[in-house]
Amino acid sequence: MRGRVLSLFSSYLSNRKIQIRINGVLSDYSQNSYINSGVPQGSILGPLLFILYINDLPDTLALTTYIYADDTSLYSPTDPKNPQITNDILQDDLNKIQGWSTKWGLRFKPSKSCDITFTKTGNRNYANLLLDNNIIPQVESHAHLGLILDSHLNFNEHIENLATKVQKKINPLKFLSHKMKSIDLNRIYQSFIRPHFDYCDIIYNSAARKFMLQKLERIHYNAALSVSGCIHGSNTRKVLSILNWQTLECRRQERIKIYMFKIHNNQAPKYVQSIFHNFKTNFVRIIRNLMPFNLPIIFAAKFLSSPVITMMTIWNKTPQEHRNLPTLSQLKSNIASIPARNKILSTLHIKNLNRKEELCLNRLRADLILKGQLYSHNFRSILDPRCDFCHSNVSTRHFLIQCQRPSHKLEIARLNAHIIASL
């Protein structure tokens, strides 16, 4: 870089000042020499300039280095019988990082760094690591780019944290469920809440304790109750089908297949491709076994449930005609658990229904609104399952067809007219 471009960036980064506001009172501007490094926070060019500045850090390091913005991680496999070898290499790289930071004026804080060892047994016979003569704290878990990694890679802590965070976001839906229509509640859920479930789901899908994943399913079900207005205790499958929602498990399976399709067609980043490269079968084996990945015969449960092995197993079980589809959009339409052509007429697509009518229709579809249905679910307030007008058992068929109560017939006719008008 030289000439006017260099002058432009020099002017952009030099002689910057800061000002502080405390209780509405502004301080004076700092001296020009107060800020001697860094990029303007919140600027568009800031992240790019920082990445360019730090990009040569891994060049002198011996270990695998991952850099994402200002997050830098060192990784090394360790021999538990002789951990000191790895410790020495790690410490040598940390010394090089400290030398680099001194040279270029970018200080790393040991207190914000951590040392985590991923191990099956839980034994940690590793010496403390030092950065700038300060001990790097050893931890049992660490949040890395929003994914909590624990030392056993069980993902229990991540799922527990995710459940707590999502539950707080779902609670307002319960309050709004009596004021807003399903289509608006559904938009809120899919825009602001469901993405939290989707983030890193192909990784935490391999959680060791499957009941932890069921905890997320219960939260998903509670959200469906709030959006649809169905009563707690309604059949999960029926409530989700009313909204054309998938279970989280089905959604994770689909997203794994989509990601594996990208890997299979070399559309994923190179560092991801390299993880799966050693498991790819040769052409002869593909013809014989029709399996894109050759999985090693290891029966250790921890290995078989690891994210990479789980993803390859799911892809191997995917029908060959799906794996060989030419485009990603075709794959998505073929593996969808709720194909567009099979979707029922959801309440979301029925116009002119008010919220009270939506609740009535959704609870009818979930088979939990009529006296006979509530009585069979042991609702204490229902003492008699029979119709007050004709004294027959109140089933869905009786409610929609057989009951002769005049006011009831008018209400059903009005509801049906709304539905027919939306078809």
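Before reading further, recall that the structure is shown in the block above.
Worth saying up front: this structure is predicted, and the values here are computed from it rather than measured.

Asks: Explanation requested: the overall build of the protein in the structure shown.
Replies: Summing up its helical and strand segments, the protein has 19 helices and eight strands in all. The buried share among the 423 residues of the protein stands at 35%. Sequence-distant contacts in the protein: of pairs separated by 6 or more residues, those separated by 24 or more amount to 54%. Carbon and sulfur atoms make up 55% of the accessible area of the protein, which amounts to about 26,400 Å² in all.

Asks: How should I be thinking about the pattern of salt bridges in this particular structure?
Replies: Oppositely charged side chains can pair when the atoms bearing their charge come close. Going through the model one piece at a time under the given rule, you end up with six salt bridges. The partner of D198 in a salt bridge is R251, and the shortest N-O contact between them spans 2.9 Å. Of the two residues, D198 is situated in helix α5 (residues 182-198) and R251 in helix α9 (residues 248-264); the sequence distance between them amounts to 53 residues. Judged by its relative accessible area of 10%, D198 is buried. A salt bridge links R255 to D201; the shortest N-O distance between them is 2.7 Å. Of this pair, R255 sits in helix α9 while D201 sits in helix α6 (residues 201-204), placing them 54 residues apart in sequence. The exposure class of R255 is partly exposed, given its relative accessible area of 29%.

Asks: Looking at this structure, how should I read helix α10 (residues 270-277)?
Replies: For the α-helix, the turn length of 3.6 residues means that residues three or four positions removed from each other point alike. Inspection of α10 places V272, Q273 and F276 among the buried residues, and these make up the whole buried set. Projected down its long axis, α10 shows its buried positions confined to an angular sector of 100°, all on one face. Facing away from the buried surface of α10 by more than 90 degrees, the exposed residues are K270, Y271 and H277. The inward-facing, buried residues of α10 contact α9 and α13 (307-317).

Asks: Help me understand the nonpolar core in this model?
Replies: What tends to happen in soluble globular proteins is that the nonpolar side chains get buried as a cluster. Membership of the largest hydrophobic core comes to 33 residues, with the highest contact counts inside it found for Y189, F197, Y204, L216 and W245. Looking at this core, the elements with two or more residues in it are β8 (147-150), α4 (156-176), α5, α7 (210-228) and α8 (236-242). When residues in this core are grouped by element, the largest group, nine residues, is from α7. In this structure F197 touches L162, V166, Y189, Y204, L216, I219, H220 and L248, once residues within four positions along its chain are discounted. Core analysis: the next-biggest nonpolar cluster, separate from the first, contains 19 residues, I258, V272, F293 and M311 among them.

Asks: Please clarify how a nonpolar patch on the surface should be interpreted in this entry.
Replies: Together, I18, Y34 and I35 make up an exposed nonpolar region whose accessible area comes to about 280 Å². Tracing the backbone through its elements, the reader meets I18 in the loop between α1 (3-13) and β1 (21-22). Residue class for I18 comes out partly exposed when judged on its relative accessible area of 33%.

Asks: Honestly, the environment of Q273 in this entry has me stumped. Any pointers?
Replies: Structurally, Q273 can be placed in helix α10. Among all residues touching Q273, those that are not within four sequence positions of it are K262, I263, N266, Q267, A268 and K280. There is a polar contact of 3.3 Å between the side chain of Q273 and the backbone nitrogen of A268.

Asks: Which parts of the structure should I look at to understand the pairing of strand β3 (residues 64-68)?
Replies: Sheet topology note: the β3/strand β4 (residues 71-75) ladder contains five bridges and is antiparallel. By the bridge assignment for β4, Y68 is matched with D71. Between β3 and β4, which follow one another and run antiparallel, lie two residues, and A69 among them has a positive phi close to 55°.

Asks: Help me out: how do you make sense of the side chain of Q98 in this one?
Replies: Along the chain, Q98 turns up in helix α3 (residues 83-104). Not counting the four nearest positions on each side in its chain, Q98 is found in contact with L131 and D132.

Asks: Would you mind showing me how to read the side chain of Q91 here?
Replies: Within the element layout of this structure, Q91 appears in helix α3. A distance of 2.8 Å separates a polar side-chain atom of Q91 from the backbone nitrogen of L130. When neighbours within four sequence positions are excluded, Q91 is seen to be in contact with N128, L129 and L130.

Asks: Hey, could you run me through the pairing of strand β7 (residues 141-144) in this one?
Replies: Note on strand geometry: in a regular strand, side chains alternate between the two faces of the sheet. Sheet analysis places β7 next to β8, joined by four bridges and oriented antiparallel. Bridging from a neighbouring strand, S141 pairs with D150 of β8.

Asks: What is the right way to read unusual backbone geometry from this model?
Replies: Most peptide bonds are trans, and most residues other than glycine sit at a negative phi. Residues other than glycine seldom take positive phi values, yet N133 does so here, at roughly 65°. Mapped onto the elements of the fold, N133 is located in the loop between β5 (130-131) and β6 (134-135). Accessibility expressed as a relative area gives 74% for N133, which makes it exposed. Even without being a glycine, N266 presents a positive backbone phi close to 55°. As for its position among the elements, N266 is in the loop between α9 and α10. A relative accessible area of 57% means that N266 is categorised as exposed.

Asks: Is there a simple way to explain the packing of aromatic side chains in this structure?
Replies: Any aromatic ring pair is given by two values, namely how distant the centres are and how the planes are angled relative to each other. Here the structure, examined in full by the defined rule, presents six aromatic pairs. Relative to F293, the ring of F276 has its centre 6.0 Å away and its plane inclined at 55°; by these criteria the two rings are tilted. Here F276, found in helix α10, pairs with F293, found in the loop between α11 (283-289) and α12 (301-304); they are 17 residues apart in sequence, far enough to count as distant. For the pair formed by F276 and F293, the shared burial category is buried. Ring pairs connect the aromatic residues Y53, W100, W104 and F108, which therefore count as one cluster. The ring of Y12 has R16 lying over it, and the distance from NZ or CZ to the ring centre is 5.4 Å.

Cut-offs used in this document
- Residues numbered from 1 in each chain as written.
- Predicted model: local features only at pLDDT ≥ 70, side-chain atom pairs only at ≥ 80, totals over all residues.
- Heavy atoms only, no water.
- Helix = DSSP H or I, 4+ residues; strand = E, 2+ residues; numbered from the N terminus.
- Buried < 20%, exposed > 50% of the residue type's maximum accessible area, 1.4 Å probe, protein only.
- Contact = heavy atoms within 4.5 Å.
- Areas by Shrake-Rupley, 256 points an atom, 1.4 Å probe, with all protein chains shown as cover.
- Salt bridge = Lys/Arg side-chain N within 4 Å of Asp/Glu carboxyl O.
- Arc of directions from axis to C-beta.
- Core = buried A, V, L, I, M, F, W, Y, C linked by side-chain atoms within 4.5 Å.
- Patch = residues over 30% accessible without salt bridge, like charges linked within 9 Å, V, L, I, M, F, W, Y side chains within 5 Å.
- Polar contact = N/O pair within 3.5 Å; in protein donor to acceptor, adjacent residues only side chain to side chain.
- Pairing = 2+ DSSP bridges.
- Phe/Tyr/Trp six-rings, centres within 6.5 Å; stacked < 30°, edge-to-face > 60°.
- Lys NZ or Arg CZ within 6 Å of the ring centre and 35° of its normal.

That is the geometry; function is a separate question.
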